[in-house]
Amino acid sequence: MTHSTGPDIAVPLSWGQPQNMAHAAQPSHSSGYSVNHVQYSTERECWAKLSYALPPMETITLNISAVHEVGAWKKGHWVAIGNIREGKKDVDACIDAPGLMDIAFDTILPKILTFGAGFPWRIEEFVALVPYFISQCMVPSKKGSKGPTFKTKQFALMVVVPEAQWNEYEEWVEKAELEVATHQVQVQHQVETVENVTTPTQPTHQAQVQDLVSHQPVIMPSIDQPSTSESTKWSHRHNLSTTTTSSLPPHKKPAVAPPEAVFSSPDCTDLKEALRAGGNTTNFDVAQVLGTYTEDIQFYAIPTRPLADILKNPVYHSFQLDPTQSMIGKLMVNSSSCSMLRAGGFKTAHPGWISLAPLVESGLGLIPGQNVAVKRPFHKVFPSASSFMYKIGRFSLVDEIAKLFKEANVLYWSHSLLQLTYAFIDRCIASSDDPLLE
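Residues numbered from 1 in each chain as written. Predicted model: local features only at pLDDT ≥ 70, side-chain atom pairs only at ≥ 80, totals over all residues. Heavy atoms only, no water.

J.: When you look at the sheet that holds strand E3 (residues 127-129) in this model, what are you seeing that I'm missing?
T.: Think of a sheet as strands paired side by side through backbone hydrogen bonds, with each pair either parallel or antiparallel. Read across the sheet, 4 strands follow the order E2-E1-E6-E3 without closing on themselves; strand pairing throughout is mixed. The sheet is open, and its two borders are formed by strand E2 (78-92) and E3, each paired with just one other strand. Across the sheet, the mean angle separating the axes of adjacent strands is 20° when strand polarity is ignored. In the sheet, E3 pairs with strand E6 (residues 154-161) via 3 bridges, with the strands oriented antiparallel. Its bridge partner lying in E6, Leu 129 is registered against Met 158. Against the sheet, helix H3 (residues 97-115) touches strand E1 (59-69), E2, E3 and E6, its axis set at about 140° to E2. (Pairing = 2+ DSSP bridges. Helix = DSSP H or I, 4+ residues; strand = E, 2+ residues; numbered from the N terminus. Axes fitted to C-alpha atoms, helices over the stretch in contact; angles between N-to-C directions. Contact = heavy atoms within 4.5 Å.)

Structure follows, in structure tokens:
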């Protein structure tokens, strides 16, 4: 029986040798191997140990945070530092206190140093609080066994910064913020100074010449004895003065600093009265809030037409609903009985607020949330025939819409008849010869 032979594999001589001899013993003629194969021996030992050391079966969870001490006059003894908090899970329940302290410091110290970067922290003064006992995880067994069973729990670990060191850190922060603010003010002042102060060479020289000419007496030349030198001087001075006045830049007004805000302490009596009135709920109308509701509406404006147009066109004989001329909106109604404006013979009136989209140019819906009186028909319901007191009853939706449409037609015709009446009165006044009617 023949056996097939496999490929020839060149095993590096560095396997099984110390790492310091690996590079020296690695053969240069081996193909298919890289520098990473040198670590084979170390990795083999590591995985061999892990194969015999199984992960712990009983583990706990840690919630590690950074805090600092405070004075005894405050509630508690520690205050959290920023948002420094980290969690650790699958921690061996049999770990001792030094091991927990190492985990706490290794997890939180880098975050504290990043939080207060630049401050010389004295980490040797930090304290780790380790309130953990494995007995806290042992609970009585529910299966009838005499021994307790282990139940994993979460424990809080804290890295505490001493109060004195934390006070030094706060003073250091305040000093740094003050230096930054002072530097910004100085830079702003320098910028304003550079903007307000200009130093051109020529205008300064001209200003000096103008000042010099204005302080010297002006010598007018004599008519009887003309003098060339004096005339030349006068002409020269005149030219200087004229040139200087026309070429000087306009005077720039100095920058006026805005007035500082004056702090005024409020009056103690007024403050008490305002706070007492603001916290008083006796004047608060709960029924108004509970009785207010909002409805989506479709708004139809009742048109106004002359009576002649209504009579000539049969389409205008009655008010019709035209969806193309309608607008959508919202109507908020306060339907509580306490807020009712009035109850007439067949209609009730409640306060409301209407908002249309788009807004109209005049009339209802001119502004959002316009105050309106919302009227609704009702019928009287008497408990008994001999009773004078009645309750307000509402019609069905079909009956209420029919009554609403009838009232809209009444308003439509009444407005036209009222226009006819006013037109008749104006005509009578215009055609009358009585001076009292003019």
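J.: Whenever I open this one, a negative patch on the surface confuses me. Can you help?
T.: Taken together, the side chains of Glu 170, Glu 171, Glu 174 and Glu 177 define an acidic patch exposed on the protein surface. By the element assignment, Glu 177 lies in helix H4 (residues 163-196). The class for Glu 177 is exposed, based on a relative accessible area of 53%. (Patch = residues over 30% accessible without salt bridge, like charges linked within 9 Å, V, L, I, M, F, W, Y side chains within 5 Å. Areas by Shrake-Rupley, 256 points an atom, 1.4 Å probe, with all protein chains shown as cover. Salt bridge = Lys/Arg side-chain N within 4 Å of Asp/Glu carboxyl O. Lys, Arg positive; Asp, Glu negative; His and termini not counted. Charge placed at Lys NZ, Arg CZ, Asp CG, Glu CD. Buried < 20%, exposed > 50% of the residue type's maximum accessible area, 1.4 Å probe, protein only.)

J.: Just to check I follow, could you spell out the packing of aromatic side chains for this structure?
T.: What describes a pair of aromatic rings is the distance from one ring centre to the other and the angle between the planes of the rings. Applying the stated criterion across every chain yields a total of 11 aromatic pairs. A centroid spacing of 5.6 Å and a plane angle of 55° characterise the contact between Phe 119 and Trp 172, whose relative ring orientation is tilted. Residue Phe 119 is located in the loop between H3 and E3, and its partner Trp 172 is located in helix H4; the two are separated by 53 residues in the primary sequence. For Phe 119, a relative accessible area of 10% corresponds to the buried category. Put simply, the rings of Phe 115, Phe 119, Trp 121, Phe 126, Trp 166, Tyr 169 and Trp 172 pair up and form one aromatic cluster. For the cation-ring pair, Arg 305 lies above Tyr 316, with the distance from its terminal atom to the ring centre recorded as 4.0 Å. One cation-aromatic arrangement involves Lys 380 over Tyr 390; the distance from NZ or CZ to the ring centre is 4.9 Å. (Phe/Tyr/Trp six-rings, centres within 6.5 Å; stacked < 30°, edge-to-face > 60°. Lys NZ or Arg CZ within 6 Å of the ring centre and 35° of its normal.)

J.: Is there a simple way to explain the confidence of the model for the protein in this structure?
T.: Caution applies to low-pLDDT regions: their predicted coordinates should not be interpreted in detail. When pLDDT is averaged along the protein, the result is 74; 67% of the residues meet or exceed 70. Scored below 50 in pLDDT, residues 22-29 makes 10 contacts in the model with residues more than four places away or belonging to other chains. In this model residues 198-249 is a low-confidence stretch, pLDDT under 50, and it forms 19 contacts with partners more than four residues away in sequence or in other chains. (pLDDT = per-residue confidence, 0-100.)

J.: Would you mind going over the side chain of Thr 348 with me for this structure?
T.: Mapped onto the elements of the fold, Thr 348 is located in strand E10 (residues 347-357). Thr 348 sits in the buried class, given a relative accessible area of 1%. There is a polar contact of 3.1 Å between the side chain of Thr 348 and the side chain of Arg 394. (Polar contact = N/O pair within 3.5 Å; in protein donor to acceptor, adjacent residues only side chain to side chain.)

J.: Please clarify how the pattern of salt bridges should be interpreted in this entry.
T.: Between side chains of opposite charge, pairing is possible as soon as their charged atoms come close. Throughout the structure, instances matching the rule amount to 6 salt bridges. A salt bridge links Glu 168 to Arg 122, with the shortest nitrogen-to-oxygen separation between them at 3.1 Å. With Glu 168 in helix H4 and Arg 122 in the loop between H3 and E3, the pair connects residues that are 46 residues apart, well separated along the chain. Judged by its relative accessible area of 35%, Glu 168 falls in the partly exposed class. What makes Arg 122 partly exposed here is its relative accessible area of 27%. Here Glu 407 makes a salt bridge to Lys 347, at a shortest N to O gap of 2.6 Å. On the criterion of sequence distance, the pair formed by Glu 407 in helix H10 (residues 397-431) and Lys 347 in strand E10 is long-range, its members being 60 residues apart.

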